Amino acid sequence: MKKITILGISAALLLAACGTEQSTDTTETTSGSATMETGKESIKSQLMQFYLSVSKDINKVDAQLNEFEIAQSEDALPAGEELSEMKEAAMSSAGQAMQAVDSIEVPGALSEHQEEISGALDSITASYGMKIKELKTDAPDFGAAADKFAEADAALNKVLEENGLIASNLYNEVSQ
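Going along each chain's sequence as written, the residues are numbered from 1 onward. Where totals are concerned, whole chains, interfaces and linings use all residues; where local detail is concerned, this predicted model gives features only for residues with pLDDT of at least 70, and gives and counts side-chain atom pairs only at 80 or more. Note that the side-chain values use all heavy atoms of the structure and ignore hydrogens as well as water.

Peer 1: Quick question: what am I supposed to make of the overall build of the protein chain here?
Peer 2: Each helix corresponds to a stretch of at least 4 residues labelled H or I by DSSP, and each strand to a stretch of at least 2 residues labelled E; elements are numbered beginning at the N terminus. From N to C terminus, the protein chain includes seven helices and zero strands. Ordered by position from the N terminus, the helices and strands of the protein chain form the series α-α-α-α-α-α-α. Relative accessibility decides the category of a residue: with a 1.4 Å probe and only protein chains considered, values under 20% of the type maximum give buried, values over 50% give exposed, and everything between is partly exposed. In the protein chain, buried positions account for 38% of the 176 residues. Here the contacts in the protein chain between residues at least 6 apart in sequence split such that 71% fall between residues at least 24 apart. Computed with the Shrake-Rupley method and a 1.4 Å probe, the accessible areas treat only the protein chains shown as cover for residues. When the accessible surface of the protein chain is totalled, it reaches about 9300 Å², and 53% of it is carbon and sulfur. Contacts: residue pairs with any heavy atoms within 4.5 Å of one another.

Peer 1: Explain the environment of Phe-142 here, please?
Peer 2: Secondary-structure assignment places Phe-142 in the loop between helix H5 (114-135) and helix H6 (143-162). With 73 residues separating them in the primary sequence, Phe-142 and Glu-69 have C-alpha atoms 8.6 Å apart. If we ignore the near neighbours within four places in the chain, the residues touching Phe-142 are Phe-68, Glu-69, Gln-72, Lys-131, Glu-134 and Leu-135.

Peer 1: So what exactly am I meant to see when it comes to the nonpolar core here?
Peer 2: Put simply, a nonpolar core is a bunch of buried Ala, Val, Leu, Ile, Met, Phe, Trp, Tyr and Cys residues held in one set by side-chain atoms that sit within 4.5 Å of each other. Core analysis: the largest hydrophobic core is formed by 35 residues, its most contacted members being Phe-50, Ile-117, Leu-121, Ile-124, Tyr-128 and Leu-170. Going through the elements one at a time, helix H2 (32-59), helix H3 (63-73), helix H4 (80-102), H5, H6 and helix H7 (170-174) are the ones with two or more residues in this core. Other than its neighbours up to four places away in sequence, Tyr-128 contacts Ile-58, Asp-62, Leu-65, Ala-94, Ala-97, Met-98, Phe-149 and Val-174.

Peer 1: I tried to follow the confidence of the model for the protein chain on my own but got confused; where do I start?
Peer 2: As a per-residue measure, pLDDT tells how confident the predictor is, with possible values from 0 to 100. Of all residues in the protein chain, 77% have pLDDT values of 70 or greater, and the mean over the chain is 84. Least confident of the elements in the protein chain is helix H1 (residues 2-27), whose mean pLDDT is 47; most confident is H5, at 98. Scored below 50 in pLDDT, residues 1-9 makes 14 contacts in the model with residues more than four places away or belonging to other chains. With pLDDT under 50 throughout, residues 11-18 is counted as low confidence; its partners more than four residues away or in other chains account for ten contacts.

Peer 1: Please explain the packing of aromatic side chains as it appears in this structure.
Peer 2: The relation between two aromatic rings is expressed through the spacing of the ring centres and the mutual angle of the planes. Only rings of Phe, Tyr and Trp enter the pairing, Trp through its six-membered ring, and a pair is recorded when the two centres are within 6.5 Å. The plane angle decides the type: under 30 degrees is stacked, over 60 is edge-to-face, the rest tilted. Here the structure, examined in full by the defined rule, presents three aromatic pairs. When the centroid spacing of 6.2 Å and the interplanar angle of 80° are considered together, the rings of Phe-68 and Phe-142 count as edge-to-face. Of the two residues, Phe-68 sits in helix H3 while Phe-142 sits in the loop between H5 and H6, which places them 74 residues apart along the sequence. Each member of the pair, Phe-68 together with Phe-142, is buried. Three or more aromatic residues link up through ring pairs in this structure, and these residues are Tyr-128, Phe-149 and Tyr-171. The cationic tip of Lys-131 hangs over the ring face of Phe-142; the distance from NZ or CZ to the ring centre is 5.9 Å. In this analysis the charged atom, NZ for Lys or CZ for Arg, is taken to sit over a ring once it is within 6 Å of the ring centre and within 35 degrees of the ring normal.

Peer 1: Please explain the packing of H3 against H4 as it appears in this structure.
Peer 2: The axes of two packed helices give the description: the angle between them and the distance between them. Helix axes are fitted only over the stretch in contact, all axes being lines through C-alpha atoms; the angle between N-to-C directions runs from 0 to 180 degrees. At their nearest, the axes of H3 and H4 sit 7 Å apart, and the two run at 130° to each other. One element, H3, and the other, H4, form an angle in the oblique class. The chirality of how H3 crosses H4 is left-handed. Across the interface between the two elements, Ala-63, Gln-64, Leu-65, Glu-67, Phe-68 and Ala-71 from H3 touch Leu-83, Met-86, Lys-87, Ala-89, Ala-90, Ser-93 and Ala-94 from H4. We call Asp, Glu, Lys and Arg charged. Ala, Val, Leu, Ile, Met, Phe, Trp, Tyr, Cys and Pro are nonpolar, and the rest, Gly among them, are polar. Partitioning the contact of H3 with H4 into residue classes produces nine nonpolar, two polar and two charged. An angle below 35 degrees is treated as roughly parallel, one above 145 as roughly antiparallel, one from 65 to 115 as roughly perpendicular, and anything else as oblique. By the definition used in this description, the sense in which the near helix is turned from the far one sets the handedness, with an anticlockwise turn below a right angle giving left-handed and a clockwise turn giving right-handed.

Given below as structure tokens:
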């Protein structure tokens, strides 16, 4: 439910950014400031599309990891062989999430923020690697992995806010 709400809000922001871009294009002249405004709106739009694609790419592959984390938080983990199978599926899911994040390319329109975005993506990848390592233990603790993901959220939120967009929580979008 949280994913749907967050994706709805994100989609509304994206549509608002796109709508603003269209109205800016039709009402402004060809002066330098008009071109600058259109460029800013284009970057907003590209940034929102990119941000939404990150969560979408991760959500395609991390369901089994999320199932494990939810069961763990509700003290509803199975025992024995069923737990081992659940851990294996969660590790596979986390590995696929790492691959999905590694394959994400930052659009050229966001090159001004390449360093921050790449650093955030690296933190996300590291977070999933930490989860895999924890899943190999008897009592996985994902606290450090969540902290690492929080670094990515902070970096991405800084980029969003610098471009006039509302900060979000990617971790919540991919974790339930």
